[in-house]
Amino acid sequence: MAEGMAQSSNLKTMQAITFAKYGKPSRLEKATIPYPTGFDQRSNVVIKVHAASINPVDKMLLGGGLKMVRPVASFPHVISYDVAGVVEQPDSDGNFKVGEEVYARLFGHSSDGDKTPSFRGAMAEYCVAHVSNVVSKPNNVSFEEAASIPLAGMTALQALTNSGLKEGDSIFITGGAGGVGTLAIQLAKHVFKAANVVTTASKGEKADLCKELGADSVIDYKSENFVEIHSKNKFDVCFDTTGESLSMAGIVKEGGSIVTIAGNPTLEEIRRIGGSAWILKLFLKRKEKRKEFKAAKSANASWEYLFLSPSSDDLAKLTNYIESGDLKPIIDDMWDFNSEDEQIGWKGAFNRSFSGRSKGKCIVKISQ
């Protein structure tokens, strides 16, 4: 084994939530798997996991929807990739120390292409994370709250940054009560200083939550049509989290921008993240051929699809926003990793998250 590679830890094992093949959520099961080995100790840390969160992309990956872009390296595979915990085994380069409280988004490799052979998800007692994806946990939130942030927070931050949103602008965000939406509202209002933040949510608790987070108004997507409401009072930026970017061409200002994270990506975006674009040419269209792009162009606006990019700098920015009070994690509920009960155990967390009805993020508590 190459110098610097982690050796076997006397066949030590751990518990994890895994799937042995692509398929429905029912394929998830708790299994005993080996403790992390086979990774480069110079650039990776082992994290003792305190909490992990679930994202919609986890359901897509489980179902095989991403296997042509980012296939699972081997089975059984540990699911979920947002984690908070403490460093169990530091990197030999000295970036982190034992016992340090951290959080991370597991991407499997760093931006420079360094592969992590044992890469798997975070829904386990321990996980491996490349140092380029790890930062210190905000000091004013719990592990559970920290675990809710990485994917949703970085997605919202990168989308708003790429949109060109600036102080005084107006922004329309769909799905304001979701994991990304709840953070996008806060970032738009409190960090980017948007003058008018409008979102969609169902009446009641979800609409109230959006207003508490900074939304100036909330449109009930079940009974109201946002295009009819804002066909004359248009927006500088439209951020789509629900697959409605085509309709947004009717409410974006000339010179404005539409950014989406929903639906099929563009061929250009797959190339940007290093996906196998030559295969996907059979399935995906170039941006210029997408009807969403054409509709935005007719409105003299831009349209882009965004895939999350690894960025410890962005995660560190989110830490600063959390510690300053500009951003707060929104948790739907928490479930017990050690319980098989359908309501309070880990299965309940996946059922709730995958249903699409959660307010904010669903969290599994792993280590007390």
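Predicted model only: the values in this text are computed from it and were never measured.

Visitor: Could you clarify how one ought to interpret the overall build of the protein chain in this entry?
Guide: Summing up its helical and strand segments, the protein chain has 11 helices and 16 strands in all. Buried residues in the protein chain amount to 55% of all 368 residues. A separation of at least 24 residues holds for 69% of the contacts in the protein chain among residues at least 6 apart in sequence. By element, 48% of the accessible surface of the protein chain is carried by carbon and sulfur atoms, the whole surface being about 16,200 Å².

Visitor: Would you mind showing me how to read unusual backbone geometry here?
Guide: With the exception of glycine, most residues fall at negative phi, and the peptide bonds are largely trans. Here the amide bond leading from Phe75 into Pro76 is cis, since omega sits at -5°, within 30 degrees of zero. Mapped onto the elements of the fold, Pro76 is located in the loop between helix H1 (56-62) and strand S4 (77-78). The phi torsion at Ser80 lies on the positive side, around 75°, for a residue other than glycine. Position of Ser80 among the secondary structure elements: in the loop between S4 and strand S5 (82-89). Here Lys193, not a glycine, exhibits a phi torsion of approximately 60°, which is positive. Turning to its location among the elements, Lys193 is positioned in the loop between helix H4 (179-191) and strand S10 (196-200). A relative accessible area of 43% means that Lys193 is categorised as partly exposed.

Visitor: Sorry if this is basic, but what is going on with the nonpolar core here?
Guide: One recurring pattern in soluble globular proteins: nonpolar side chains tend to sit buried together. Core analysis: the largest hydrophobic core is formed by 50 residues, its most contacted members being Tyr103, Ile171, Leu187 and Leu318. Contributions of two or more residues to this core are made by S5, helix H2 (143-147), helix H3 (150-163), strand S9 (170-173), H4, helix H5 (205-213), strand S12 (235-240) and helix H10 (312-324). No other element matches the 7 residues that H3 contributes to this core. Formed by 46 residues, the second largest nonpolar core is a distinct cluster that contains Ala31, Ile79, Val87 and Phe337.

Visitor: When you look at the pairing of strand S7 (residues 126-130) in this model, what are you seeing that I'm missing?
Guide: Moving residue by residue along a regular strand, the side chains alternate between the two faces of the sheet. Of all 5 residues in S7, 5 are buried, a share of seventy percent or more. Of the two faces of S7, the one holding Tyr126, Val128 and His130 and the one holding Cys127 and Ala129 are both buried throughout. Summarising the sheet, strand S3 (residues 44-54) and S7 pair through 5 bridges and their orientation is antiparallel. Within S7, the residue paired with Lys48 across the bridge is Tyr126.

Visitor: Could you clarify how one ought to interpret the pattern of salt bridges in this entry?
Guide: Throughout the structure, instances matching the rule amount to 12 salt bridges. With a closest N to O distance of 2.8 Å, Asp216 and Lys189 form a salt bridge. One end of the pair, Asp216, is in the loop between H5 and strand S11 (217-219); the other, Lys189, is in helix H4, with 27 residues separating them in the sequence. The salt bridge involving Asp332 is made with Arg352; its shortest N-O contact spans 3.0 Å. Of this pair, Asp332 sits in strand S15 (residues 331-336) while Arg352 sits in helix H11 (residues 346-355), and the two are 20 residues apart along the sequence. Residue classification places Arg352 among the partly exposed positions, given a relative accessible area of 24%.

Visitor: What is the right way to look at the sheet that holds strand S2 (residues 29-34) in this model?
Guide: As a general point, the strands of a sheet are linked pairwise by backbone hydrogen bonds and lie either parallel or antiparallel. Ordered by their spatial adjacency, 3 strands build an open sheet running S2-S1-S4, and the pairing between neighbours is antiparallel. Two strands in the sheet have a free side with no partner beyond their single neighbour: S2 and S4. With 2 bridges connecting them, strand S1 (residues 13-19) and S4 associate as antiparallel partners. Note on S4: the bridge partner recorded for Phe19 is His77.

Visitor: Would you mind showing me how to read H11 here?
Guide: Residues separated by three or four positions in an α-helix point in the same direction, a consequence of the helix having 3.6 residues per turn. Looking at H11, one finds that the buried residues are Trp346, Gly348, Ala349, Phe350, Ser353 and Phe354. Residues of H11 that are buried make contact with S1, S2, S3, H1, S15 and strand S16 (361-365). Taken from the residues just after H11, Gly356 is the one with a positive phi, measuring 80°.

Visitor: So what exactly am I meant to see when it comes to the side chain of Ser358 here?
Guide: Tracing the backbone shows Ser358 in the loop between H11 and S16. A polar side-chain atom of Ser358 sits 3.2 Å from the main-chain carbonyl oxygen of Gly360. Contacts of Ser358, omitting those with residues within four sequence positions, involve Ala177, Lys206, Asp332 and Arg352.

Visitor: How should the sheet that holds S11 be read in this particular structure?
Guide: Strands sit in the order S11-S10-S9-S12-S13-S14 across an open sheet of 6 strands; the sheet is parallel. Looking at the sheet topology across the chains shown, the edges are occupied by S11 and strand S14 (302-305). Between one strand axis and the next, the sheet turns through 15° on average, direction left out of account. Taken together, the 4 bridges between strand S13 (residues 252-260) and S14 define a ladder with parallel strand orientation.

Visitor: Got a minute to help me understand the packing of H3 against H4 in this structure?
Guide: Between two packed helices, what matters for the description is the angle formed by their axes and the separation of those axes. It is at 8 Å that the axes of H3 and H4 come closest, and there the two elements cross at 50°. One finds that H3 runs oblique with respect to H4. The two elements H3 and H4 cross, and the hand of that crossing is right-handed. Across the interface between the two elements, Ala152, Gly153, Thr155, Ala156, Leu157 and Leu160 from H3 touch Gly179, Val180, Leu183, Ala184, Leu187 and Ala188 from H4.

Visitor: Where do I start with the pairing of S9 in this structure?
Guide: Burial along S9 is two-sided: the face carrying Ser170 and Phe172 and the face carrying Ile171 and Ile173 are both buried. As paired elements, S9 and S10 share 4 bridges and run parallel to each other. The residue bridging Ile173 from the neighbouring strand is Thr199, located in S10. Regarding topology, H4 serves as the crossover connection from S9 to the parallel S10, and that connection is right-handed. As paired elements, S9 and S12 share 3 bridges and run parallel to each other. When the sheet's bridge partners are listed, Ile173 is paired in S12 with Phe239.

What counts, and at which threshold
Residues numbered from 1 in each chain as written. Predicted model: local features only at pLDDT ≥ 70, side-chain atom pairs only at ≥ 80, totals over all residues. Heavy atoms only, no water. Helix = DSSP H or I, 4+ residues; strand = E, 2+ residues; numbered from the N terminus. Buried < 20%, exposed > 50% of the residue type's maximum accessible area, 1.4 Å probe, protein only. Contact = heavy atoms within 4.5 Å. Areas by Shrake-Rupley, 256 points an atom, 1.4 Å probe, with all protein chains shown as cover. Core = buried A, V, L, I, M, F, W, Y, C linked by side-chain atoms within 4.5 Å. Pairing = 2+ DSSP bridges. Salt bridge = Lys/Arg side-chain N within 4 Å of Asp/Glu carboxyl O. Polar contact = N/O pair within 3.5 Å; in protein donor to acceptor, adjacent residues only side chain to side chain. Axes fitted to C-alpha atoms, helices over the stretch in contact; angles between N-to-C directions. Parallel < 35°, antiparallel > 145°, perpendicular 65-115°, else oblique. Left-handed = near helix turned anticlockwise from the far one by under 90°. Right-handed = clockwise from strand over helix to strand, strands pointing away.

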